[in-house]
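Descriptive structure summary
These are the residues of each chain, in order.
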Amino acid sequence: MRGWLIDCRIQPNPFNQTRREHSMQATTVIPADLQEFMDDVHAKVKGHATRKETEAFLELWSPSPDASIMAAVGGYCVGFDEVSKLLRWVSEQLTFDTYQFETLTVHADQVLATSVGLEHLASAGEGQHTTLRTTHVYRREDPGWKLLHRHAEPLTPIDENQVGGPTSTEESAR
Amino acid sequence: MSVHTNHVSGDLGLEDFMTRCEEGLLHQLQGDSELLLAQWSHDAEVAILGAIGSYARGWDDVRSHILGAAKALKALNWTGLRVERIVTHVADGMAASVWLERATREVGEPRSRTLRVTHVYRREQGQWRLLLRHANSVSPEDEATEQSLLST
């Protein structure tokens, strides 16, 4: 069975928090350790995408069987073993030179948190560049925050044809 | 017209809410956004990265994005939606679900379309609300490619 529900109450939040002001006059309270972890995630994604430093990125992932990824390559993987196998394969395909992360929104609670942003990737050689829409879900585990889920694919302009999506006359199994 | 789901229960309030979201998504596929919009938080930092492309942030823009997508969807005559839940996480006042949405059309030539979807929910005044929807279409070829590389 591929679906399950995880009750992941673990431990209370540390007291040290920062308040992030957003342009829409709303405020999201982001624990200081979460902000530090998200900054580390962006640094390690950069290493993964530009220098094939995937092992350092994998160290930030939850090693649990409910970790998951919907990567830009398509499909999905569940469980750290599948996630790590996919990311190692992906890193061999990537040839980007630069990476910049742009935060759109962050929501945080005691145990779960999420961030949404844009990842701008470019390669100097052939002028290749892309922007990924990215959602991350984080979970506070022992001893700290871990990346639990990543969903990313290229940002595209509004295209009403896309609501139809690529269609098939056959149902794919996965 | 039908909604099929793989039910996995734990937090009954969340389970009920996710079922309402699925019903709202079926209505959305058929061009009626009302039920789906009713599930959203009105927070200034809600966000949608919809299958139609681009993104919207803040309740007013998210609402416009959903209404715009419904107009386009209505013409496509989707008749069914099956949600395949992959994993759901819940802790205290926040939850996240990862699933596939398979829309089907049985009018004329049968067709299907698959979306990969991440939702984030928050409990507000005792009621779960949608905070984030990230959805993108994926082709059977994409899925086959990934399955192939994972089997090597």
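Here, the structure is the one placed above.
As a starting point, this report considers the structure included with it. (Residues numbered from 1 in each chain as written. Chains lettered and ligands numbered in written order. Predicted model: local features only at pLDDT ≥ 70, side-chain atom pairs only at ≥ 80, totals over all residues. Heavy atoms only, no water.)

1. Some remarks on the pairing of strand 9 (residues 145–154) of chain A
Residues and elements named next belong to chain A. Counted residue by residue, strand 9 has nine buried out of 10 residues, so it is predominantly covered. In the sheet, strand 4 (residues 68–70) pairs with strand 9 via three bridges, with the strands oriented parallel. Paired with Ser 68 across the two strands is His 149, which belongs to strand 9. Between strand 8 (residues 129–140) and strand 9, which pair antiparallel and follow one another directly, the connecting turn spans four residues. (Buried < 20%, exposed > 50% of the residue type's maximum accessible area, 1.4 Å probe, protein only. Helix = DSSP H or I, 4+ residues; strand = E, 2+ residues; numbered from the N terminus. Pairing = 2+ DSSP bridges.)

2. What about empty space enclosed by the protein?
Residues and elements named next belong to chain B. Counting across every chain of the model gives two cavities of 30 Å³ or more. If you add up the space inside the largest cavity, you get close to 210 Å³. Lining the largest cavity are 19 residues; nearest its centre among them are Gln 28, Ala 69, Leu 73, Leu 115 and Arg 133. Looking at the lining of the largest cavity, the elements that each hand over two or more residues are helix 1 (12–29), helix 3 (59–74), strand 6 (111–124) and strand 7 (127–138). (1 Å grid on protein atoms, 1.4 Å probe; cavity = no way out; pocket = protein on both sides within 12 Å on 5 of 7 lines; lining within 4 Å. Points joined across faces, edges and corners; volume = space filled by probe spheres on them.)

3. With respect to unusual backbone geometry
Put simply, A:Asp142 and A:Pro143 share a cis peptide bond, and its omega is 20 degrees. Phi is positive for B:Asn77, which is not a glycine, with a value near 60 degrees. Looking at the secondary structure, you find B:Asn77 in the loop between helix 3 and strand 4 (80–91). Judged by its relative accessible area of 44%, B:Asn77 is partly exposed. A positive phi angle, near 55 degrees, is found at B:Asp92, a position not held by glycine. As for its position among the elements, B:Asp92 is in the loop between strand 4 and strand 5 (94–105).

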